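Structure at a glance
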Amino acid sequence: MEVIIRPDKASATELVAKLISNALIEKPDLVLGLATGNTMEPLYARLAEMHKKERLDFSLCRTFNLDEYVGLPAENKNSYRHYMNEHLFKKINIDIRNTHLPSGTAKDLDKECEKYEHKIKKCDGIDLQLLGIGKSGHIGFNEPLSAFFSRTRVKALTPTTITQNSPLFDRPRDMPKRAITMGVGTILEAKRIVTLVLGTSKSDILAKSVEGPVTSMVSATALQLHPKCVVISDEKAAAKLKGKDYYKWIFENEPEWEEYR
Ligand code: F6R
């Protein structure tokens, strides 16, 4: 795992946008794993801008989102399908048939999860998986005690996640309490992982995720096991990291990061 600390939200977001655009230029039919949430909104706005101003081409790109609420149809404005359409897909030249999210309204949810895994395999797996980290330490909706070998399945959400996300609903009590999520095992199979974590409210969970012991109590600690995972944060989220100076030295000195400095 590598940790990159940028001075603020904008520069951390810009770095992630550049990593994604470079990956897409290198492989136009990139299989991109996507996340939703507040952290991703400025990132998707920036990718849309890159499409408009720099002609970043998504025409062959294929996407798989991490998760979807159980019970919310695509048209519901709190569904993640709706979020993705509004924040990204409508603003770029992606073929909507190449965008995938699990259906939270499938009659047989277990079958829907199996089908989702199958679709990912048919595309030869995810090339680049984008992640955020929730206050409960979740990646996707893998709440504490999710098995590190888990696959796409239905998970009950924790009170921490319900508190984090329910303000986004007109009536907070309408937030579904279950979601379909790729498993930790599914996520760890991505060829490369880019995790974006921003703001003071994430400083405790970021320190636990990156420098704490690997434990299924904090699903994001599983990222320490991935051979090609970078966590990009701003100074505020990085405030409680013990190895801050070393991580900064890496960004300033490693040739891999030269073009991003
Ligand atoms: C949602 C997802 C979640 C979020 C996490 C952080 O698709 O994957 O794991 O990334 O809850 O959400 P924000 O960015 O709203 O703090």
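Just so you know, the residues in each chain are numbered from 1, in the order the chain's sequence is written. Owing to the predicted nature of the model, reporting of local features is limited to residues with pLDDT of at least 70; listing and counting of side-chain atom pairs is limited to 80 or more, with chain, interface and lining totals taken over all residues. Hydrogens and water are ignored here; the side-chain numbers use all heavy atoms of the structure.

1. Section: the overall build of the protein chain
- Numbering of helices and strands starts at the N terminus; helices are DSSP runs of H or I of at least 4 residues and strands are runs of E of at least 2. What the protein chain contains, in helices and strands, is eight helices and 10 strands.
- In terms of overall size, the protein chain behaves like a compact globule, its C-alpha atoms giving a radius of gyration of 17 Å where 261 residues would be expected to give roughly 18 Å.
- On the principal axes, the C-alpha backbone points of the protein chain span a range of 50 × 40 × 35 Å.
- Each residue is assigned to one of three classes by its accessible area relative to the maximum for its type, calculated with a 1.4 Å probe on protein chains only: buried under 20%, partly exposed between the two thresholds, exposed over 50%. When each of the 261 residues of the protein chain is scored for burial, the buried share is 56%.
- What makes two residues a contact is simply this: any of their non-hydrogen atoms within 4.5 Å. Pairs at least 24 apart in sequence give 78% of the contacts found in the protein chain among residues at least 6 apart.
- With residues, only the protein chains shown are counted as cover, and all accessible areas are computed by Shrake-Rupley using a 1.4 Å probe. Carbon and sulfur atoms make up 53% of the accessible area of the protein chain, which amounts to about 12100 Å² in all. Two things to know: the radius of gyration comes from C-alpha atoms, and the globule rule equals 2.2 Å times the number of residues to the power 0.38.

2. What to know about the site of the ligand
- Nearness is judged by heavy atoms alone; a residue qualifies as near a molecule or strand once a single heavy atom is within 4 Å of it. Neighbouring the ligand are 15 residues; Thr36, Thr39, Asp67, His138 and Lys202 lie closest to it.
- His138 is positioned such that a nitrogen or oxygen atom in its side chain is 2.7 Å from an oxygen atom of the ligand.
- Look at the ligand: alone it shows 410 Å² of surface, and the protein chains cover 95% of it.
- Under the scheme applied, nonpolar residues are Ala, Val, Leu, Ile, Met, Phe, Trp, Tyr, Cys and Pro; charged residues are Asp, Glu, Lys and Arg; polar residues are all the others, including Gly. In terms of residue class, the shell around the ligand is built from four nonpolar, nine polar and two charged. What qualifies as a polar contact is a pair of N or O atoms within 3.5 Å, subject to a donor-acceptor requirement within protein and to the restriction that residues adjacent in sequence count only when both atoms come from side chains.

3. Points about the sheet that holds strand β2 (residues 31–34)
- Strand order across the open sheet formed by seven strands is β1-β10-β9-β6-β2-β3-β5, with parallel pairing between neighbours. Of all strands in the sheet, those bounded by a partner on one side alone are β1 (2–6) and β5 (99–100).
- Here, a strand pair is defined by DSSP locating no fewer than two bridges between the strands. Relative to strand β9 (residues 192–197), strand β6 (residues 128–131) is paired through four bridges, and the arrangement is parallel. Residue pairing across strands places Gln129 opposite Ile193, the latter belonging to β9.
- Across the sheet, helix α1 (residues 9–26) is in contact with β1, β2, β6, β9 and β10 (229–234); its angle to β10 comes to roughly 150°.
- Fitted lines through C-alpha atoms serve as axes, helices being fitted only where they are in contact, and the angles separating the N-to-C directions of these axes extend from 0 to 180 degrees. Of the strands in this sheet, β2, β6 and β9 are in contact with helix α2 (residues 40–54), which crosses β6 at around 135°.

4. Some remarks on the sheet that holds strand β4 (residues 67–69)
- In spatial order, the strands read β4-β8-β7; together these three strands make up an open sheet with antiparallel pairing. The open sheet has two free edges, formed respectively by β4 and β7 (153–156), since each of these has just one partner strand. With direction set aside, neighbouring strand axes in the sheet form an average angle of 30°.
- Pairing between β7 and strand β8 (residues 178–181): four bridges, direction antiparallel. Within β8, the position partnered with Lys155 by the bridge is Ala179.

5. Structural notes on the packing of aromatic side chains
- Two rings belonging to Phe, Tyr or Trp (six-membered ring only in the last case) form a pair when the distance between their centres is within 6.5 Å. Interplanar angles under 30 degrees mark stacking, angles over 60 mark edge-to-face geometry, and anything in between is tilted. Considering all chains together, one arrives at 10 aromatic pairs under this definition.
- Plain terms: the ring middles of Tyr44 and Tyr83 are 6.3 Å apart, the flat faces sit at 75° to each other, and that makes the pair edge-to-face. Taken together, the residues Tyr44 in helix α2 and Tyr83 in helix α3 (residues 80–87) connect sequence positions 39 residues apart. By the burial criterion, Tyr44 is buried, and Tyr83 matches it.
- Pairing Tyr69 with Phe141 gives two aromatic rings, centres 5.7 Å apart and planes at 40°, and the pair type is tilted. Highlighted residues: Tyr69 in strand β4 and Phe141 in the loop between β6 and β7, separated in sequence by 72 residues.
- Judged by relative accessible area, which is 2%, Phe141 ranks as buried.

6. A short note on the pairing of strand β3 (residues 62–65)
- Because side chains alternate across β3, one face comprises the buried residues Arg62 and Phe64, and the other comprises Thr63 and Asn65, equally buried.
- Pairing of β2 with β3, which is carried by four bridges, proceeds in the parallel orientation. When the sheet's bridge partners are listed, Leu34 is paired in β3 with Asn65.
- Regarding topology, α2 serves as the crossover connection from β2 to the parallel β3, and that connection is right-handed.
- Note: β3 against β5, two bridges, orientation parallel. Counterpart to Thr63 in the pairing with β5 is Thr99. Handedness rule for crossovers: strands pointing away from the viewer, path from the first strand over the helix to the second running clockwise, crossover right-handed.

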